[in-house]
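Architecture and fold: a report
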Amino acid sequence: MSEYFLDGAPPVPLTLRRSAQARRISLRISQLDGRVTLTLPARIPEAEALAFAQEKEDWIRRHLAARSEDVDIAAGAMIPVEGVARRIVFSTGRRVVLEAERIAVPGPAVAARLQSWLKELARDRLVGASDSYARVLGRSYTRVSLRDTRSRWGSCSSHGALMYSWRLILAPPEVLRYVAAHEVAHLVEMNHSAAFWRQVGRLYGPYEAPRQWLRAHGGELHRYRFTR
């Protein structure tokens, strides 16, 4: 990959990526971090790709401006927990306390302490949902692991190992449960066939609403920065 910039105020970083499969120049703006990537066929000159980006400059800047700003986790910031926005406040206690409109976090390392607590809560919710769905199927999984993945919300290996993004704890509970149902269904169907989606429906019920929520809002869960 090569890094260039689109001139202007402010300059916009451009990442050029060559692909043997590409048939034309394509432009993509990541909803996770705002990265602008130009994919071009192997034989297209880089200058042609940069000219394409300049033609699309207004479109690029409009989309970047519409993207929600990142949130540095600290006292006073707002963060959703199980889909409900809470304000982070300092606590003099020894543990994190979740309240209706705020979340109290002991200092001084507020971001690290809150991230650790959120991961524990995510594991509790995801293991509970996975256990429940696995019982319905009469199947078992080997383990549950949590990661901070950007490309997927969960996975199921051929050996029955489940992986989830811990950031699902920021989403509404029904979204977390849908993802758990999706991955547990792979214990029966290691594909995305019609038979697989029938298993998801059997476990979760009508799943289009949480599926659409992830498509529309999932990228926003990566706005929250726990390190600087």
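Just so you know, these numbers come straight off a predicted model, no measurement behind them.

Turning our attention to the nonpolar core. The tendency in soluble globular proteins is for nonpolar side chains to be buried side by side. By size, the foremost hydrophobic cluster in this structure holds 51 residues, and its most contacted members are I79, I88, L114, L118, Y164 and V184. Elements that contribute at least two residues to this core include exactly β6 (78-81), β9 (102-106), α3 (110-137), β10 (143-147), β12 (161-165), α4 (173-185) and α5 (194-204). With sequence-adjacent residues up to four places away left out, Y164 is seen in contact with L126, S130, V144, S145, L146, R147, W153, G154, V179, A180, E183 and V184.

All chains considered together, the criterion is met by five aromatic pairs. For the pair W166 and F226, a centre-to-centre distance of 5.5 Å together with 70° between the ring planes defines the contact as edge-to-face. Highlighted residues: W166 in the loop between β12 and α4 and F226 in the segment after β13 (224-225), separated in sequence by 60 residues. Here the two residues W166 and F226 agree in accessibility, since each one is buried. Where Y178 meets Y204, the ring centres are 6.2 Å apart and the plane angle is 80°; that geometry is what we call edge-to-face. Taken together, the residues Y178 in helix α4 and Y204 in helix α5 connect sequence positions 26 residues apart. In this structure an aromatic cluster arises from ring pairing among Y178, F196, W197, Y204 and Y207.

All right, on to the packing of α4 against α5 then. Helix-helix packing is characterised by the crossing angle of the two axes and by the distance between the axes. Look at α4 against α5: their axes get within 9 Å of each other, and the N-to-C directions meet at 135°. In this view, α4 runs oblique relative to α5, as classed from their interaxial angle. Note on packing geometry: the crossing formed by α4 with α5 is right-handed. Residues E174, R177, Y178, A181, H182, V184 and A185 of α4 pack against F196, W197, Q199, V200, L203 and Y204 of α5.

Turning next to the sheet that holds strand β11 (residues 154-156). Spatial ordering of the open sheet is given by β10-β12-β11, a layout of three strands whose pairing is mixed. At either margin of the open sheet sits one strand with a lone partner, and together these are β10 and β11. If you compare each strand with its neighbour and ignore which way they point, the axes differ by 15° on average. As defined by bridge partners, β10 adjoins β12 across five bridges and the pair is classed as parallel. Counterpart to R143 in the pairing with β12 is A161. Most of the contacts of α3 go to β10, to which it runs at about 145°, and overall it touches β10 and β12.

The rules behind these values
- Residues numbered from 1 in each chain as written.
- Predicted model: local features only at pLDDT ≥ 70, side-chain atom pairs only at ≥ 80, totals over all residues.
- Heavy atoms only, no water.
- Core = buried A, V, L, I, M, F, W, Y, C linked by side-chain atoms within 4.5 Å.
- Buried < 20%, exposed > 50% of the residue type's maximum accessible area, 1.4 Å probe, protein only.
- Helix = DSSP H or I, 4+ residues; strand = E, 2+ residues; numbered from the N terminus.
- Contact = heavy atoms within 4.5 Å.
- Phe/Tyr/Trp six-rings, centres within 6.5 Å; stacked < 30°, edge-to-face > 60°.
- Axes fitted to C-alpha atoms, helices over the stretch in contact; angles between N-to-C directions.
- Parallel < 35°, antiparallel > 145°, perpendicular 65-115°, else oblique.
- Left-handed = near helix turned anticlockwise from the far one by under 90°.
- Pairing = 2+ DSSP bridges.

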